[in-house]
Amino acid sequence: MEGGATPQDRDRYRYALPTFRDPDLMQRTLALLASDAVRTQDAPYLFQVAIMNRDLGGDAWAYVRDHWATITPRFTKTNTIALAQGARWLTAADDVDDIQAFFEANDIPQARLTLRQVLERQRLYADLRRRSAESLAARYGMAAAV
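So, how was this worked out
Residues numbered from 1 in each chain as written. Predicted model: local features only at pLDDT ≥ 70, side-chain atom pairs only at ≥ 80, totals over all residues. Heavy atoms only, no water. Helix = DSSP H or I, 4+ residues; strand = E, 2+ residues; numbered from the N terminus. Rg over C-alpha atoms; globule rule 2.2 N^0.38 Å. Buried < 20%, exposed > 50% of the residue type's maximum accessible area, 1.4 Å probe, protein only. Contact = heavy atoms within 4.5 Å. Salt bridge = Lys/Arg side-chain N within 4 Å of Asp/Glu carboxyl O. Lys, Arg positive; Asp, Glu negative; His and termini not counted. 1 Å grid on protein atoms, 1.4 Å probe; cavity = no way out; pocket = protein on both sides within 12 Å on 5 of 7 lines; lining within 4 Å. Points joined across faces, edges and corners; volume = space filled by probe spheres on them. Nonpolar A, V, L, I, M, F, W, Y, C, P; charged D, E, K, R; others polar. Core = buried A, V, L, I, M, F, W, Y, C linked by side-chain atoms within 4.5 Å. Axes fitted to C-alpha atoms, helices over the stretch in contact; angles between N-to-C directions. Left-handed = near helix turned anticlockwise from the far one by under 90°.

Colleague: Explain the overall build of the protein chain to me, please; I cannot follow it from the model alone.
Modeller: Per the secondary structure count, the protein chain includes seven helices and zero strands. N-terminal to C-terminal, the α/β element order of the protein chain is α-α-α-α-α-α-α. A globule of 146 residues ought to have a C-alpha radius of gyration of about 15 Å, and the protein chain, at 16 Å, matches this closely. Evaluated residue by residue, the protein chain yields a buried proportion of 38% over its 146 residues.

This is the structure:
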């Protein structure tokens, strides 16, 4: 990331970090994002990408949830919503319950309407997952993941 020849290369490498599928690399990435090594204007969006990670998004969300009080003061108030925007893609029932309850207790006042929309989308996506899982699994010969 730091050795990129151009600013574009550095950004490309930085945005690749939260896409790793290795749990240890993801934990290292999350710790890096919470540190001063990543600019505060970039970190919320990198956390968002981490939370959207297909395999480790739940781990990234757990990190953000558990470190909310220490990481969010570093970000501008308007960028904090990025942390919630990634969470809308976590549609397993336990994730939905956890995220919905978390944001009931941890409002983002400067983006209240956007937060409500994000949480509504998460519920809609979770409902689609629940309704579609069995038929999609049958169609593609897989076990249903609800």
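Following the structure, the description resumes.
Colleague: I'm lost on the environment of asparagine 53 in this one. Help?
Modeller: Within the secondary structure, asparagine 53 sits in the loop between α3 (43-51) and α4 (57-71). If we skip the residues at most four places from it in the chain, asparagine 53 touches Pro18, Thr19, Phe20 and Met26.

Colleague: I would appreciate a short explanation of the pattern of salt bridges in the present structure.
Modeller: Where charged atoms from two side chains of opposite charge approach closely, those side chains can pair. Enumeration according to the criterion identifies 11 salt bridges in this entry. We note a salt bridge from arginine 14 to aspartate 42, for which the minimum N-O separation is 3.9 Å. Residue arginine 14 is located in helix α1 (residues 7-16), and its partner aspartate 42 is located in the loop between α2 (23-33) and α3; the two are separated by 28 residues in the primary sequence. Exposure class is identical for arginine 14 and aspartate 42. Each is buried. Residues joined by salt bridges that share partners form a network here, namely Asp11, Arg14, Arg39 and Asp42.

Colleague: Got a minute to help me understand the side chain of arginine 88 in this structure?
Modeller: Among the secondary structure elements, arginine 88 is positioned in the loop between α5 (81-87) and α6 (93-105). Despite its burial, arginine 88 pairs with no opposite charge; the closest candidate is glutamate 120, at 11 Å N-O.

Colleague: What should I look at first to understand the layout of surface pockets in this one?
Modeller: Summary: where empty space remains is shown by rolling a probe the size of a single water molecule over the atoms. Computed from the structure, the largest pocket encloses a volume of approximately 730 Å³. Counting residues per element, the lining of the largest pocket draws most heavily on helix α7 (residues 112-140), which supplies eight residues. The residue makeup of the lining of the largest pocket, split by class, is 16 nonpolar, five polar and four charged.

Colleague: Help me out: how do you make sense of the nonpolar core in this one?
Modeller: Side chains of a nonpolar character, in soluble globular proteins, are inclined to be buried together. In terms of nonpolar packing, the biggest core is built from 30 residues, with Phe47, Trp61, Val64, Phe103 and Ile108 touching the most fellow members. Contributing elements (two or more residues each) for this core: α2, α3, α4, α5, α6 and α7. Of all the elements, α4 adds the most residues to this core, at six residues. Residues contacting phenylalanine 47, with those up to four places away along its chain left out, are Leu30, Leu33, Ala34, Tyr63, Val64, Ile71, Phe75 and Leu83.

Colleague: Looking at this structure, how should I read the packing of α2 against α4?
Modeller: Between two packed helices, what matters for the description is the angle formed by their axes and the separation of those axes. Relative orientation of the contacting elements α2 and α4 amounts to 35 degrees, with a least axis distance of 10 Å. Here α2 and α4 pass one another in a crossing that is right-handed. Where α2 abuts α4, its residues Gln27, Leu30 and Ala31 lie against Asp59, Ala60 and Tyr63. The residue inventory of the contact of α2 with α4, partitioned by class, reads four nonpolar, one polar and one charged.

Keep in mind that these numbers describe shape and distance, not what the molecule does.
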